[in-house]
Each structure stands twice: as C-alpha cells, then as structure tokens.
Amino acid sequence: MKMLVIYTHPNHRSLSYAFLQEVIKGGNENDRIEEIKVLDLYEEGFDPVLVFNEHKRRRDMYKEPALAEYREQLLWADKIVFVYPIWWGRPPAMLMGYIDQMFASGFAYKDTGKMLPEGLLKGKSVVCISVMKGPANYMLLLLNNAHKALMRKALFNYVGIKKVKFFEFGSMESPRGRHKAKLNKIYRYFSNY
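The present account deals with the structure reproduced in this document. (Residues numbered from 1 in each chain as written. Predicted model: local features only at pLDDT ≥ 70, side-chain atom pairs only at ≥ 80, totals over all residues. Heavy atoms only, no water.)

1. Some remarks on the environment of Val38
Part 1: Within the fold, Val38 resides in strand 2 (residues 35-40).
Part 2: Spatially, the C-alpha atoms of Val38 and Ile80 are 10.0 Å apart, while their sequence positions differ by 42 residues.
Part 3: Those residues within four positions of Val38 in sequence are excluded, and the remaining contacts are Val5, Leu20 and Ile24. (Helix = DSSP H or I, 4+ residues; strand = E, 2+ residues; numbered from the N terminus. Contact = heavy atoms within 4.5 Å.)

Here it is as structure tokens:
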C-alpha cells in the first residue's frame, strides 16, 4: 500500500505536527505500507488561491501544468491521510484551496449528465485527523457534523472514495486533553491496520 500524507499547519511545533509524526512512525512500522510520501502544504509553498480569467478557465484546471506533480501524488496513493486543525468549524483555507484545485472535474470526477458525476478516484481510502480547541462533541452538537458532511459527502464520495475514517480530537488546548493517549491512538491505528 502506498500512502500520501497531506499535512496542513504552518507550525512544526504544533500538536497537528505531533500527530503527523505518529502517522509516519506507525506507518513505517506497518508491513502493509510499502511507501509513505508527505506533502506539507505550508512548507511546499502551495498557492491555495484560485485564479480564473480569460487565460485560465475553471474547466481546464484538471490539466494545469503547475498542479501536475500534485495530481501524480494523488493517483499514486492507495491511502490519502489528511492531518489538519479545525479552525472556525472547518479545515484551514490552505487545505480548502488544495481541495478546490486538486479535486477538479476531469481529474477527480467526470460529469455524466446525471444527478451525480462519475468518481474517478475509486478504490482509494482516506483518513482525516483533525484537532480543535473546543470539545470533541462541539462539531456534532453545535454544527450538526458539518465538517464530516463536507469531507465525506460533498468531497470524497463525490469523487468515488467511499472508505473514509475520521479522528476528531477536541479539547486539545486543555491540560486535560489526554494528548499522549490520543497520539498513541493514531500511532496504533497506522502501525496495525
């Protein structure tokens, strides 16, 4: 299995970065994972800004030369792992800009004239690991699971990815946030699945 880890946080001293390290550590100890690639969107200098004008049309985004390497990474991967914080009830703008550009028509899905398109990324699986300041049940109780609905239904299912797992860790700025136990949970998942 080939695994692409997409990390989205500007600080390498963050708790998100600690979760990234546990993904890598566990993945390296898992015999089923033959190779791991990490894409650090901030370190990479990924430009999340969409530009459409008379020279760049949205319908042509799937063949944008500047994004070719990122498309190859997504095609290469069997499992795609996203590690990011939850800010204002959603993933960071940097990650959303990546998603807007990479999961484009002609690459991630194809319009069929029917109600739903044909997903072109079938057979892949996704794991989303997110941390937030608020309590873990905040997303469920106050936002009606908007984060999971956005990622699972509006994005991954749309492009053909049906196997999606979430780890949402809340109260992460609290000294009672059980950081070590949560980090160990991620390590165990990636070393054993």
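2. Considering helix 1 (residues 15-28)
Part 1: Over its 14 residues, helix 1 extends 20 Å from the first C-alpha to the last, a length consistent with the 20 Å expected when each residue adds 1.5 Å.
Part 2: Among the residues of helix 1, Ser16, Phe19, Leu20, Glu22, Val23, Gly26 and Gly27 are the ones counted as buried. Across the axial projection of helix 1, the buried residues extend over an arc of 160°, all falling on one side.
Part 3: Where helix 1 is buried, its residues touch strand 1 (2-7), strand 2, strand 3 (79-85), strand 6 (125-131), strand 7 (163-169) and helix 7 (179-192).
Part 4: The N-capping residue of helix 1, defined by a side-chain oxygen 3.4 Å from the backbone nitrogen of Ser16, is Ser14. (Expected span 1.5 Å × (residues − 1). Buried < 20%, exposed > 50% of the residue type's maximum accessible area, 1.4 Å probe, protein only. Arc of directions from axis to C-beta. Polar contact = N/O pair within 3.5 Å; in protein donor to acceptor, adjacent residues only side chain to side chain.)

3. Structural notes on the sheet that holds strand 6
Part 1: Strand order in the open sheet formed by five strands is 2-1-3-6-7, with parallel pairing between adjacent strands. In this open sheet, the two strands that pair with only one neighbour each are strand 2 and strand 7. Going from strand to strand, the sheet's axes swing by 15° on average, the running direction of each strand aside.
Part 2: Bridging between strand 3 and strand 6 involves seven bridges; their strand directions are parallel. Within strand 6, the position partnered with Phe82 by the bridge is Cys128.
Part 3: Those strands touched by helix 7 are strand 1, strand 3, strand 6 and strand 7, and its axis lies near 160° from that of strand 7. (Pairing = 2+ DSSP bridges. Axes fitted to C-alpha atoms, helices over the stretch in contact; angles between N-to-C directions.)

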